[in-house]
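If you want the building blocks of each chain, they are given just below.
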Amino acid sequence: MGARQSGARCKDKGPPGRGFLRGRQKFSPWDDALLSGRDPRCLLKRGLRHVSFSLVTKGMTDAPDFLWSLSEVQKLNLSHNQLRALPPEVGKLTRLVVLNLCGNRLKTLPREVSLLQSLKVLFVHMNCLTELPAELSACRNLEVLSLSHNFLSQLPASLADLSRLRKLNLSHNRFAHIPVCVFSLRELDFLHVGSNRLESIAESIQCLASLQIFIAESNNIHTFPYSLCLLTSLELLNLNNNDIQTLPEELYLLRRLARIAWNPMDKGLHISHNPLSKPLPELLEGGLEMLFSYLKDKKHT
């Protein structure tokens, strides 16, 4: 049912909405503008699988107070506003499965996110995050975490407890190394650490045996580590725009890399814009099989 139909149906009820407003002690401008005397549940969208609520691109600096009474909501989208903080009351929304906060001005998250035990997807990219609360590790059902385009240089060690996390985006931050806690996330199949300040990739990367996509482009990585060659599930490996001069002889172990990839969206090996020593640039032009053959021969000579 569309939001207009739902709102119209709730308007007919009249008195319950006005009763809700009379009972409030505190009343923000956004409550007035959005509710206009209605019960806030009128704004919920009830889909086949989820109850959702969306306030996108409203220019809000604070979330409306009535939100925290919507205990039914499972998908909450507050993206592309001007939110500077998320209040502790967010912990009341214990049925949340998806929380989208991207495109705001958040510097951290409240510790009460630990109460969101059903949360599976958290988008906080394009904010001003400088830290994350250690309590985020209590969201044990989290599967997708997007933290790109922030000011993060470290993660809480406790995030190693997010044992169900499958997709993690740390790109466009200030990491000098991949946080140690990441290597404990054994279910990860997607890891993006591009556009940071990395100069190396720790040997512990080999612990992430489920990785299918690993992106570390636009850093200052000097060495292609042997340990990457042990991630035999990789289908996309992007090391473009680094400072890599040589390739490991064991690269041929990555048999799921289908090609030398030039389009950013293609699966395969992305290794362009590196100062590769000869004859590697010429071999790349010949394709992945030619490169693999050369490295195998080199290994056995």
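Residues numbered from 1 in each chain as written. Predicted model: local features only at pLDDT ≥ 70, side-chain atom pairs only at ≥ 80, totals over all residues. Heavy atoms only, no water.

As recorded in an unreviewed UniProt entry, the chain goes by Leucine-rich repeat-containing protein 30 and comes from Physeter macrocephalus.

## So, the confidence of the model for the chain
Here the chain averages 89 in pLDDT, while 87% of its residues score no lower than 70. Contacts from residues 1-27, a stretch scored under 50 in pLDDT, to residues over four places away or in other chains number 27 contacts. (pLDDT = per-residue confidence, 0-100. Contact = heavy atoms within 4.5 Å.)

## Remarks on the pattern of salt bridges
One pass over the structure, following the stated rule, counts seven salt bridges. Where Arg-46 meets Glu-72, a salt bridge forms, and the shortest distance between an N and an O atom there is 3.0 Å. Here Glu-72 lies in the loop between strand E2 (51-54) and strand E3 (75-77) and Arg-46 lies in strand E1 (residues 45-46), a separation of 26 residues in the sequence. Classification of Glu-72 by relative accessible area gives partly exposed; the value is 22%. (Salt bridge = Lys/Arg side-chain N within 4 Å of Asp/Glu carboxyl O. Helix = DSSP H or I, 4+ residues; strand = E, 2+ residues; numbered from the N terminus. Buried < 20%, exposed > 50% of the residue type's maximum accessible area, 1.4 Å probe, protein only.)

## Side note on the sheet that holds strand E7 (residues 167-169)
The sheet built from 11 strands is open, its strands ordered E1-E2-E3-E4-E5-E6-E7-E8-E9-E10-E11 with mixed pairing. Every other strand in the sheet has two partners, leaving E1 and strand E11 (268-270) as the edge strands with one partner each. Bridge count for E1 against E2 is two bridges, and the pairing is antiparallel. Across the sheet, Lys-45 pairs through a bridge with Ser-52, a residue of E2. (Pairing = 2+ DSSP bridges.)

## With respect to helix H5 (residues 288-299)
The terminal C-alpha atoms of H5 lie 16 Å apart, and with 12 residues this matches the ideal 16 Å at 1.5 Å per residue to within 8%. Looking at the buried side of H5, the elements it contacts are E11 and helix H4 (280-286). (Expected span 1.5 Å × (residues − 1).)

## Quick notes on a positive patch on the surface
On the surface, a cluster of positive charge is made up of Arg-49, Lys-75, Lys-120 and Arg-164. Turning to its location among the elements, Lys-75 is positioned in strand E3. With a relative accessible area of 34%, Lys-75 lands in the partly exposed category. (Patch = residues over 30% accessible without salt bridge, like charges linked within 9 Å, V, L, I, M, F, W, Y side chains within 5 Å. Areas by Shrake-Rupley, 256 points an atom, 1.4 Å probe, with all protein chains shown as cover. Lys, Arg positive; Asp, Glu negative; His and termini not counted. Charge placed at Lys NZ, Arg CZ, Asp CG, Glu CD.)

## Let's talk about the nonpolar core
Across soluble globular proteins, nonpolar side chains have a tendency to be buried as a group. Counting residues in hydrophobic clusters, the biggest one holds 82 residues, and the most contacted among them are Ile-205, Phe-214, Phe-224 and Leu-291. Those elements that provide at least two residues to this core are E2, H4 and H5. The element best represented in this core is H5, accounting for four residues. Those residues in contact with Ile-205 that lie beyond four places of it in its chain are Ile-178, Phe-183, Leu-191, Leu-211, Phe-214, Ser-227, Leu-228 and Leu-231. (Core = buried A, V, L, I, M, F, W, Y, C linked by side-chain atoms within 4.5 Å.)

## Considering the packing of aromatic side chains
A full pass over the atoms with the stated rule returns one aromatic pair. Geometrically, the ring pair formed by Phe-53 and Phe-66 is edge-to-face, given 6.0 Å between the ring centres and 85 degrees between the ring planes. Taken together, the positions of Phe-53 in strand E2 and Phe-66 in the loop between E2 and E3 put the pair 13 residues apart, joining distant regions of the chain. Each member of the pair, Phe-53 as well as Phe-66, carries the same accessibility label: buried. (Phe/Tyr/Trp six-rings, centres within 6.5 Å; stacked < 30°, edge-to-face > 60°.)

## Some thoughts on the environment of Ala-63
Looking at the element boundaries, Ala-63 is found in the loop between E2 and E3. Those residues in contact with Ala-63 that sit more than four places away from it in its chain are Trp-68 and Leu-83.

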